[in-house]
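This is what each chain is made of:
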Amino acid sequence: DTGVSQNPRHKITKRGQNVTFRCDPISEHNRLYWYRQTLGQGPEFLTYFQNEAQLEKSRLLSDRFSAERPKGSFSTLEIQRTEQGDSAMYLCASPQGYNEQFFGPGTRLTVL
Amino acid sequence: GQQLNQSPQSMFIQEGEDVSMNCTSSSIFNTWLWYKQDPGEGPVLLIALYKAGELTSNGRLTAQFGITRKDSFLNISASIPSDVGIYFCAGQPNANAGNMLTFGGGTRLMVKP
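Calculation notes
- Residues numbered from 1 in each chain as written.
- Chains lettered and ligands numbered in written order.
- Predicted model: local features only at pLDDT ≥ 70, side-chain atom pairs only at ≥ 80, totals over all residues.
- Heavy atoms only, no water.
- Pairing = 2+ DSSP bridges.
- Helix = DSSP H or I, 4+ residues; strand = E, 2+ residues; numbered from the N terminus.
- Axes fitted to C-alpha atoms, helices over the stretch in contact; angles between N-to-C directions.
- Contact = heavy atoms within 4.5 Å.
- Buried area = accessible area lost by both parts, 1.4 Å probe.
- Salt bridge = Lys/Arg side-chain N within 4 Å of Asp/Glu carboxyl O.
- Polar contact = N/O pair within 3.5 Å; in protein donor to acceptor, adjacent residues only side chain to side chain.
- Nonpolar A, V, L, I, M, F, W, Y, C, P; charged D, E, K, R; others polar.

Visitor: I would appreciate a short explanation of the sheet that holds strand β7 (residues 65-68) of chain A in the present structure.
Guide: To summarise the sheet geometry, strands pair through backbone hydrogen bonds and adopt either a parallel or an antiparallel arrangement. All names here are of chain A. Overall, antiparallel pairing links the four strands, which are arranged β1-β3-β8-β7 in an open sheet. Each having just a single partner strand, β1 (5-7) and β7 make up the two edges of the open sheet. For this sheet, the mean inter-axis angle between neighbouring strands, taken without regard to orientation, is 15 degrees. The pairing of β7 with strand β8 (residues 75-79) spans four bridges and is classified as antiparallel. Directly across from Ser66, in β8, lies its bridge partner Glu78.

Structure (structure tokens):
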């Protein structure tokens, strides 16, 4: 157990619906990362937060995606008007030490 | 797209054999990390490397940070069935990159008892 939790673990939705995922990172760590992993690939960086500030966003994060970390603790990732290409595992990571990122169990999204 | 080339893509070995896999990049990385991922789970950190030439062990696992900073290697000795999974290398390109990681495509390891 890495101390990073994600909910829900699985989400099945119909194309066009909105979905929201939550990540609760290791407590007292000011950085939080989101990655996306499609089948057969390694995780790809989406965005990261330093406390409540969103400091970097990947080109993968289209305008249908929005992430928040309102109080510098948990974070949410919302996808609006989901598309089949959004089907993937969404991973949250929390660092310890210099750059040892510990991942949560992920949320697997299936868009029908 | 991903910048790390990981090989081999898959390996099917006999229990007890040693395993080697590697990761190469066209650019310099300041940090190399190796993760293992089981189906339906998030990646689990195995080893972290911070200095060129560094050799670090974690039980039966040994990883090295290449001298050129453009490659890393992971070895598993005396494999056992629970070593089955997908192994990913990950690197941090430079100190100002916000510490986000770039991942390789993974090496799928299968162990025959």
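Visitor: Please explain the interface of chain B and chain A as it appears in this structure.
Guide: When the parts of a complex come together, some accessible area is lost, and that lost area is often taken as the interface size. Counting residues at the interface gives 23 residues for chain B, matched by 24 residues for chain A. Each partner contributes to the roughly 1800 Å² buried at the junction of chain B and chain A, and carbon and sulfur atoms together form 52% of this total. When the buried area of chain B at its contact with chain A is split by residue, Tyr50(B), Asn99(B) and Met100(B) rank highest and sum to 26% of it. Counting every contact that joins chain B to chain A gives one salt bridge. For the salt bridge of Arg9(A) with Glu41(B), the shortest nitrogen-to-oxygen distance reads 3.5 Å. Linking chain B with chain A are six residue pairs in polar contact (both at pLDDT 80 or more), by the criterion used here. Mapped onto the side of chain B that touches chain A, the elements with two or more residues apiece are β4 (31-37), β5 (44-49) and β9 (85-92) of chain B. Counting residues per element, the side of chain B that touches chain A draws most heavily on β4(B), at four residues. Here the residues of the side of chain B that touches chain A sort into 11 nonpolar, 11 polar and one charged.

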